[in-house]
Amino acid sequence: MEMILLNDKSKMQIRAKEINSKSMLKTLNLLLFCAFIYILLSNIKQLLLLIASFAPRQIFNIATNIYFNLAVSFLMIFVSVIVLARLKAVKEICFILKSRAYGEKKITYTEVKKEVKKVGIKCYTSLYIRLWVLNKFWFIVLLAPCAVVIWFSYSSLCQSSLTKTLVIIIALSVAVLFAIGFITFLCVRQRYSLCYWIASQENSFSASETIKQSAKIMDKNCVDLFLFKLRFIAWILLAIVIFPTIVYVYPYYKQACAIYAFEILSAKNKWEEKTLTFERLKQ
């Protein structure tokens, strides 16, 4: 499958801007709701302990008990995974539906909900956990050489056995290894960028099949998608410097990525149709 041309990428960005501008308020409401849930889930344990502190002394003693804390922690992890998996699915499906409609049709929450139900929250929860594990695994594997060099440098410094020249060499080595490892990690994680698209199209696929299919399609497009995302570096820096601009930058960036995924899958489907037609003609 051929890479998407630079001219096509510019068109994708323009289309993403148009779609984003038409439904910016609705997207912003969804993202603010997601942010609120994230903050609530990350602080709910502290809220429970705070409530317990106003309760009678016996209940507070239970609340400060290590087993109570562990039970609350495990319960919160379980609840958080289910809630965050659903939120992630809703967010991704929202951008997917807008990409399919080219911004010409207004997407309602009811439509998004129906699309999520088609696949099922069980599949999305499994997909969310597997992608989290895979991303952490690749992060550790690709940045392990950098960690080894840092550990070696630290142990040598503690023994004061390094010269100034060696310190400079090691510092440069760490910087180079980190840059290579981190860029490679960013490219590798693009293999899973089509998972939610494939899950929404192929309702019968399990989470593992969805991940395999995404990796198979994206194997030759990982670097290309990474370079496409780099086109937004100026926007991302703007959002960091002027934080309120994130309400425009993030939806625009996510919409552009959704359009890229749509184009990749469209190109794949066209290629498969041509191949099947050619095979039928041969017969």
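Residues numbered from 1 in each chain as written. Predicted model: local features only at pLDDT ≥ 70, side-chain atom pairs only at ≥ 80, totals over all residues. Heavy atoms only, no water.

Applying the stated rule across the entire model yields 13 aromatic pairs. When the centroid spacing of 6.3 Å and the interplanar angle of 35 degrees are considered together, the rings of Phe-182 and Phe-185 count as tilted. Here Phe-182 and its partner Phe-185 are both found in helix α7 (residues 164-188), 3 residues apart, which amounts to about one turn of the helix. Following the ring pairs from residue to residue traces out a cluster consisting of Phe-228, Phe-232, Trp-235, Tyr-248, Tyr-252, Tyr-253 and Tyr-260. (Phe/Tyr/Trp six-rings, centres within 6.5 Å; stacked < 30°, edge-to-face > 60°. Helix = DSSP H or I, 4+ residues; strand = E, 2+ residues; numbered from the N terminus.)

For an α-helix, the turn length of 3.6 residues means that residues three or four places apart are oriented alike. For α7, built from 25 residues, the straight-helix expectation of 36 Å at 1.5 Å per residue is met to within 8% by its first-to-last C-alpha distance of 36 Å. Regarding α7, the residues found buried are Ile-170, Val-174, Gly-181, Phe-185, Cys-187 and Val-188. (Expected span 1.5 Å × (residues − 1). Buried < 20%, exposed > 50% of the residue type's maximum accessible area, 1.4 Å probe, protein only.)

With 12 residues, helix α9 (residues 207-218) ought to run about 16 Å at 1.5 Å a step, and its terminal C-alpha atoms sit 16 Å apart, in line with that. For α9, the complete set of buried residues consists of Ala-207, Thr-210, Ile-211, Ser-214, Ala-215, Ile-217 and Met-218. Buried residues of α9, viewed axially, fall in a sector of 165 degrees; they line one side. For α9, the exposed residues set more than 90 degrees away from the buried face come down to Lys-212 and Lys-216. (Arc of directions from axis to C-beta.)

Another point: the confidence of the model for the protein. Confidence along the protein averages 77 in pLDDT terms, with 76% of residues attaining 70 or more. When pLDDT is averaged over each helix and strand of the protein, the minimum, 53, is found for helix α3 (residues 57-63) and the maximum, 91, for α9. This model gives residues 274-283 a pLDDT under 50, and the stretch forms 0 contacts once residues within four places in sequence are excluded. (pLDDT = per-residue confidence, 0-100. Contact = heavy atoms within 4.5 Å.)

The biggest cluster of nonpolar side chains holds 52 residues, and the ones touching the most others in it are Val-112, Tyr-124, Leu-127 and Leu-194. Setting aside its immediate chain neighbours within four residues, Tyr-124 contacts Ala-85, Ala-89, Ile-93, Glu-115, Val-116, Val-119, Tyr-196, Ala-199 and Ser-200. (Core = buried A, V, L, I, M, F, W, Y, C linked by side-chain atoms within 4.5 Å.)

Relative orientation of the contacting elements α7 and helix α10 (residues 222-230) amounts to 105 degrees, with a least axis distance of 8 Å. Considered as vectors, α7 and α10 are oriented roughly perpendicular to each other. Contacts between α7 and α10 involve Ile-183, Leu-186 and Cys-187 on the former and, on the latter, Cys-222, Val-223 and Phe-226. Here the contact of α7 with α10 is built from residues that sort into 6 nonpolar, no polar and no charged. (Axes fitted to C-alpha atoms, helices over the stretch in contact; angles between N-to-C directions. Parallel < 35°, antiparallel > 145°, perpendicular 65-115°, else oblique. Nonpolar A, V, L, I, M, F, W, Y, C, P; charged D, E, K, R; others polar.)

The space that makes up the largest pocket amounts to roughly 1100 Å³. Surrounding the largest pocket, 35 residues form its lining, Lys-88, Glu-92, Arg-189, Lys-229 and Lys-254 being those nearest its centre. Counting only elements with at least two residues in the lining of the largest pocket, the list comes to α4 (66-101), α6 (121-158), α7, α8 (195-201), α10, α11 (233-241) and α12 (246-282). Counting residues per element, the lining of the largest pocket draws most heavily on α12, at 7 residues. Taken together, the residues of the lining of the largest pocket break down into 25 nonpolar, 3 polar and 7 charged. (1 Å grid on protein atoms, 1.4 Å probe; cavity = no way out; pocket = protein on both sides within 12 Å on 5 of 7 lines; lining within 4 Å. Points joined across faces, edges and corners; volume = space filled by probe spheres on them.)

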